[in-house]
Structures are given as C-alpha cells and as structure tokens.
Amino acid sequence: MQVRPHSIKSRPRFLAALVLVPCLAGCFASPGGESSSDGGQPGSRLRVALAFPPAENFSPYGADATLLSRLGVTEGLTALDANGAAAPALAESWRRENDRTWRFTLREATFQDGADVTPSAVAAALTRATKAKPAPAALAGVTFDAKADGDRGIRVTTAAADPVLPMRLSSPSLAVLSPKAYGEKGNPDPVGTATGPFEITKAGGGSATLDRFDDYWGGRAQASGIDARFVKDGTARANAVRTGDVDIAEAIPVAQAATLDKATLKEAGTTRTTSLQLNTRTGPFKDPKLRAAARTAIDSSTIVKGVFEGYADPGAGIFGPAVTWAESKRVKPAGRADAAKPDGERITLATYDNRPELPEAAQVVQQQLEKAGFTVKLEVREYSRLESDALAGKFDAFIGARNSLLDTGDPVGVLGSDYTCDGGYNLALLCDKNADRAVTKADATDGTGERQDAAMAAEAAILGTDAVVPLAHQQIIAGVSTKVRGVVLDPYERTLVGTGTRR
C-alpha cells in the first residue's frame, strides 16, 4: 500500500451534533489533554495492532480519518470530552457571535512540517474540506465559510443557524493539515503535515511507522513512536498480545477474550451497534413486506448469547444502552408493513471479517432467514474490498458494526448519514419521505432534551421502514500489555494512543 497517491474514493460520514451526551463507561481525554508524568522524556516505542488497514490512502475525508485520530496523528479545531461536549483542541476557545457565526481563537501550535498553525492555514484547510468530493461526513447538508480574523482568530459563518458547530468541527474528517498537504488534485496527504503528537514517517506493506512529534502543543508524548501493524485476523491480534509481540491490540474477538490473561483484557462501553441493513432500492427487499419478514425472522438475543458471549446487549434500536438517555425516550415504530411469506426468495447477505464476530453473526442470521423461508447466499470479504460494492447496492443485505456517536456524539448525525436520501453512508439505500422529514426536523432542533426527543422520533420513523434491523449493542474489548499505561478507550472509538500512553 502506498500512502501518497489518493486514487480511492473516500467514504463520507454525515455528522451533526448534540449539546450534551451523558458520560459513558470508559471516560476519556483527548490526546492533547493527558498528563505526562515523566515530563515527556524519551520512552520506548509502542507496538500496536489495528484491525482495519487504510482503505482510502489515509485520506482524512473518509473512513481513515478515525484511524489517523486513533494513532494520535490528526486533530481538528475541537475535540469531544467524556460527556460528548466540545472541548478545546487547536482552538483554545470560541464564542457564538450570532445565529450563523462563530469565532474560534487558535492556540500557538505547529504543523509537523514546521509551519505555524495560522488562521489563514486553518481557514484554507476547512475551505478545502467544503470542496471535497464526495463531501466529508461532517459537512453533509452543511454549508459554511471560514475566514481568518486577526492574528489568532477564525470566523466560521454557516448558511443556516448551526448551534452545535463546535462539536461538528471535532469530527476526525475535519482534521486540520498544513498547506503542504493539499495538492492540485486528490485528497490531502497527512504524512508529516498534521498537528498531533505522532507523525507518520513510513507506511506500506500492512504497517505504518510513526515518530513522536516533539513540537506538539500539548507536550511531548511519553512514547518515542508507534509501530502500527494492520492485522485483520482477530485471533492473530489476540495471539500477538499473548506472546508479547504487540503492546496494544484493538478489537479482540469475544471468542478470544477468555484466552487472554485477565490483566491484559480491557473493556469499555461503546455506542457501537451491529445491524442488518436491507437494500431498499433494488432486489427482494425493495418490497417492505419482505423486509418485515426479515425483521420478524431475527432473534437478536440468540446472537448476543451465541456470538458475542455476553459482551453485548440485544438490539433495541439504532441507539443502545450506552446512550444512557435513549431508552427512556424511545418511540415505538409505526406504519410497519405486514410480513409476507418469502417463498424461497433468493438473497445475498454480505459482511466483513475484520471484526470476527460479524461472519459468525451473519451465519446465525443466515440460518434464521432460511428458517423463515429465504434462500440465502453468504459473502464475506475484507472490509476495504467490500465497502464500495455495499454502498453501490450490490448486495441484498449487509451486516456491519457502526459506532452511532462516532463523529460528534450527536445521534442525529448517524441518522442523516445512514438513513436519508442524500446520506453518504446509506447502506440500506433508504429514501423515505417520512424518515427524511423526521431527520431534518431533528437536525434543526436546539436544546439538549428537545434534540434528544426529536432524534428518537426520527429513529422510530427509520425503524418503521424496516430498512435496518438492530442485532447487538457491543462493548470495546482490547488487549493491552501489563507494561503499558495510558491507553485511551473511549465510547466513540476516536482515540487509542495519546501523549500519556507509554510502556
């Protein structure tokens, strides 16, 4: 894999924002906010095994944005704190001047190529993001203008009132890179041009090498660098922790959890939900009655017990128990079609093996659908070889795991991205007037409680189409050497290694 060419189409993920999300299990700090008890003296390199290789040549505009933030490479103007609220990052403060205008004050910071982080550089980076094709997740349905304002200021003016703009700008897909990162064509190159505590120095062949960025504004990281390996096989990641070949391994399969020493097994709450997405545009599931037949055939409790071995809860909705306010505000879906008899209808069910629970869950779903009368062909690939076909509607059904609050902590964001006509990650290819109307209303709603209520009404409208069948609400399971301190496990899965991570 080469890093610098940018030929792969990036995947956008929509986001909006929420004024407040209650603290979830595994509270966290942004990489720049961790203490460095040894004064940031040179330390050992960290060996990290990640489940997903770069799918888009490290483009910050798509899925790789989170990979970059987890490794401490990139940052935006803001970050998310443990409560889901906007926290300072490259911007040390901000204020709202009117309904459509916010002014952000930058901190003193340096890009990894030595250039200063200036208002003009930040404004140019944000402007580039607004022109990206396809649009980054954070900007789906959003138009704004960013301009430098004085020595340290950035003024952002939105086309429509956006009360949650500071949280929107925390998205990993809106990372700020130096002017050097942006060429004439293609996606920006984050190699040596970001602002985080670690910079990529080499990538290819299933691995990446990162060195500590000594001029990081948040203080020098305690680890001298990171040797990252992309290991899609979950058993191999667990074995690497057991044998001491890696210090940190993400996404340990539940089947491997019991084989790890208890001292090396780390768990945290997450807002990740595994769901069955049904292709509403073409094929058998264009018929809402057959979608209803699929929904009624699924027993999610069996999947939680047999596949996730208790490291999950049965699918209750798009938002699970880690979103602590959701259950009390949940609205019963209305207008569902009556289930029809499948009569041997042939369907193709796809999933990916980067998360080993997914093929197992797909096998259970296959059995349940076949028992209901469908004829099911199961297709399993590595994620980077599957995504484009899934988004193009080449499968009748798709099982994937999605962190519903990944982007900003706002439930409205994932609803807009995944279940509206213009959604950038709409695996169900859903285009429903009632669902779009409900999401649009929620996105325009201000006030914490009011926005939550509107989000749950939109969830009900989406569930009423039977385009998505929630299967399980998951937990984070990571393998961490007993010699390692400061691993950052947060419910949004944006962070993993920060300035305080060391061995």
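For the structure, see preceding data.
Just so it is clear, the structure is predicted and the values come from calculations on it, not from any experiment.

1. Details of the nonpolar core
Next up, step 1: Core analysis: the largest hydrophobic core is formed by 60 residues, its most contacted members being L77, F104, L210 and I226.
Next up, step 2: A per-element tally of this core places helix α2 (residues 119-131) first, with six residues.
Next up, step 3: Contact partners of L210, with chain neighbours within four places excluded, come to R45, L71, V73, F198, E199, I200, T201, G225, I226 and A228.
Next up, step 4: Core analysis: the next-biggest nonpolar cluster, separate from the first, contains 38 residues, Y352, L386, A397 and V469 among them.

2. Description of the pairing of strand β17 (residues 468-480)
Next up, step 1: Within β17, 12 of the 13 residues are buried, leaving the element largely enclosed by the surrounding structure.
Next up, step 2: Sheet topology note: the strand β11 (residues 248-249)/β17 ladder contains two bridges and is antiparallel. Counted as the bridge partner of A249 is G479 from β17.
Next up, step 3: Both strand β12 (residues 265-278) and β17 contribute to a ladder of 10 bridges, which runs antiparallel. Bridge pairing in β17 places L265 opposite G479.
Next up, step 4: Pairing of strand β13 (residues 312-314) with β17, which is carried by three bridges, proceeds in the antiparallel orientation. Looking across to β17, one finds that P314 is bridged to A472.

3. As for the state of the cysteines
Next up, step 1: Scanning the model with the defined rule gives one disulfide in all.
Next up, step 2: The partner cysteine of C421 in its disulfide is C431, sulfur to sulfur 2.0 Å. Here C421 and C431 share a disulfide; its torsion about the S-S bond, 95°, makes the bridge right-handed. Taken as a pair, C421 in the loop between α11 (411-419) and α12 (433-443) and C431 in the loop between α11 and α12 lie far apart in primary sequence, 10 residues in all.
Next up, step 3: For C431, a relative accessible area of 53% gives the class exposed.

Conventions and cut-offs
- Residues numbered from 1 in each chain as written.
- Predicted model: local features only at pLDDT ≥ 70, side-chain atom pairs only at ≥ 80, totals over all residues.
- Heavy atoms only, no water.
- Core = buried A, V, L, I, M, F, W, Y, C linked by side-chain atoms within 4.5 Å.
- Buried < 20%, exposed > 50% of the residue type's maximum accessible area, 1.4 Å probe, protein only.
- Helix = DSSP H or I, 4+ residues; strand = E, 2+ residues; numbered from the N terminus.
- Contact = heavy atoms within 4.5 Å.
- Pairing = 2+ DSSP bridges.
- Disulfide = S-S within 2.5 Å.

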